[in-house]
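So the chains spell out like this:
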Amino acid sequence: MTSPLFTRVAIVGFGLIGSSIARCVAEYPGLAKDVVCIDRSQAVCDRVMELGIAAAASTDPALVATADLVVLATPIGAFADLGAIIGPHLTPGTILTDVGSVKQSVVRDIGPHVPDGVHFVPGHPLAGTEHSGPDAGFASLFKDRWCILTPVPDSDAAAVEKLAAFWRGCGSQIELMEPGHHDRVLAITSHLPHLIAYTIVGTATDLEEHLKSEVIRFSASGFRDFTRIAASDPVMWRDIFLNNREAVLEVIQRFTEDLTALQRAIRWGEGEKLEELFTRTRAIRRSIIDAKQA
Ligand code: NAP
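Only a predicted model underlies this, so the values are computations on that prediction, with no experimental measurement involved.

## Some details on the side chain of K103
Relative to the elements of secondary structure, K103 occurs in the loop between β5 (95–98) and α4 (104–110). In this structure the side chain of K103 is engaged in a polar contact, spanning 2.7 Å, whose partner is the backbone oxygen of G100. The contacts of K103, once residues within four sequence positions are left out, are D98, P122, G123, H124, T150, P179, H182 and D183.

Quick look at the structure:
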């Protein structure tokens, strides 16, 4: 039998994404011998041991010293402090990665704390749900989803390939991207849609009380889909918008212009303009289904 890719994976922040990675290690062969959990919350550590999804769980970040793959999976606002805390405990040869939804800020916040001999390869699995915590994870979360790796200029090529192999073992397809490019792509494909969902649900919530109850009672699939997205973790999304500020502000500007054009088309009864756009967007949905990303 060939030995696994890693001896021990330490996951810092054992919520939806962290616990899903741990479940992958348990279910799919060849990824790692074991997984340990580091979380600031003792309740999370206790629950992880109860669920039996890690070999050990601790609130002590020094546990990363026992691992040859360390995955940061907390909200990204915690990364700068975490980098300073775990940096001195990382051992040479270890691969340090993360799953954060913004990549330039991760390079900025973690980069300065990476000791010599530790291989830093930032990453982002494009998979998730609106649920949080160690109970929410599941092993098939990453199956047929993209995982984007954003190596930094001095990332070791062998470490990048080893991490890619780990993610492929979790079921993902790998794409390499420059961190800034990643942030611009995700601003439009993920961050703006979440902002729109938060806005729509917020607007409905601010309506008169009687209308609000009707909004909930008669919520058709359109509004219902937005409420699912707007139920995503508030801390995680606060951190995403604060850390991908420039790219998000740019797409909001473009979106606002396009919305104004639609407003004008409705006001002037320009039905052909509306139909032309809706026909184009329907084709995009079809291509997402064809790419098995629906
Ligand atoms: P989650 O379910 O809320 O889990 C995060 C865990 O990290 C919680 O147990 C939290 O503890 C813990 N934590 C917070 N600060 C910490 C610290 N300083 N030290 C140790 N543990 C800490 O979050 P998630 O959905 O897995 O997201 C985690 C990361 O994945 C985020 O960076 C996010 O951007 C990225 N991501 C998320 C998705 C998604 O759809 N959810 C998809 C792709 C990537 P407390 O409960 O005490 O706060």
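## Some thoughts on the pattern of salt bridges
Counted according to the given criterion, the structure contains twelve salt bridges. A salt bridge links R108 to D109; the nearest nitrogen and oxygen atoms lie 2.8 Å apart. Here R280 makes a salt bridge to E276, at a shortest N to O gap of 3.1 Å. Of this pair, R280 and E276 both sit in helix α11 (residues 271–290), four residues apart, which is roughly one turn of that helix. Residue E276 is classed as partly exposed on the basis of its relative accessible area of 45%.

## With respect to the environment of W167
If you trace the backbone, W167 turns up in helix α5 (residues 157–169). The exposure class assigned to W167 is buried, which follows from its relative accessible area of 2%. Residues in contact with W167, not counting those within four places in the same chain, are I21, V99, P125, F142, C147, L149, S172 and I174.

## Brief notes about the domain arrangement of the protein
According to the domain assignment, the protein consists of domain 1 (6–177) and domain 2 (181–290). Taken over C-alpha atoms, the centre of domain 1 sits 30 Å from the centre of domain 2. Across the contact, 18 residues belong to domain 1 and 15 residues belong to domain 2. For the domain 1 face of the interface with domain 2, the top three residues by lost area are V102, E130 and M177, together amounting to 39%. Taken together, the connections running from domain 1 to domain 2 amount to one salt bridge. For the salt bridge of E130 with R228, the shortest nitrogen-to-oxygen distance reads 3.7 Å. For the pair domain 1 and domain 2, the interface holds five residue pairs in polar contact (both at pLDDT 80 or more). Here the element with the most residues in the side of domain 1 that touches domain 2 is α4; it accounts for four residues. Split into classes, the residues belonging to the side of domain 1 that touches domain 2 amount to seven nonpolar, seven polar and four charged.

## A few points about the sheet that holds strand β2 (residues 32–38)
Strand order across the open sheet formed by six strands is β3-β2-β1-β4-β5-β6, with parallel pairing between neighbours. Whereas interior strands pair on both sides, the edge strands pair on one side only; in this sheet they are β3 (56–58) and β6 (119–120). For strand β1 (residues 6–12) and strand β4 (residues 69–72), the ladder comprises four bridges, and the chain directions are parallel. Each bridged residue has a counterpart across the sheet, and for I11 the counterpart in β4 is V71. Its contacts with the sheet place helix α2 (residues 42–51) against β2 and β3, and it is angled at close to 170 degrees to β3. The strands touched by helix α3 (residues 79–86) are β1, β4 and β5; relative to β4, the strand with the most contacts, the crossing angle is about 155 degrees.

Rules behind the numbers
Residues numbered from 1 in each chain as written. Predicted model: local features only at pLDDT ≥ 70, side-chain atom pairs only at ≥ 80, totals over all residues. Heavy atoms only, no water. Helix = DSSP H or I, 4+ residues; strand = E, 2+ residues; numbered from the N terminus. Polar contact = N/O pair within 3.5 Å; in protein donor to acceptor, adjacent residues only side chain to side chain. Contact = heavy atoms within 4.5 Å. Salt bridge = Lys/Arg side-chain N within 4 Å of Asp/Glu carboxyl O. Buried < 20%, exposed > 50% of the residue type's maximum accessible area, 1.4 Å probe, protein only. Domains from an automatic or database assignment. Buried area = accessible area lost by both parts, 1.4 Å probe. Nonpolar A, V, L, I, M, F, W, Y, C, P; charged D, E, K, R; others polar. Pairing = 2+ DSSP bridges. Axes fitted to C-alpha atoms, helices over the stretch in contact; angles between N-to-C directions.

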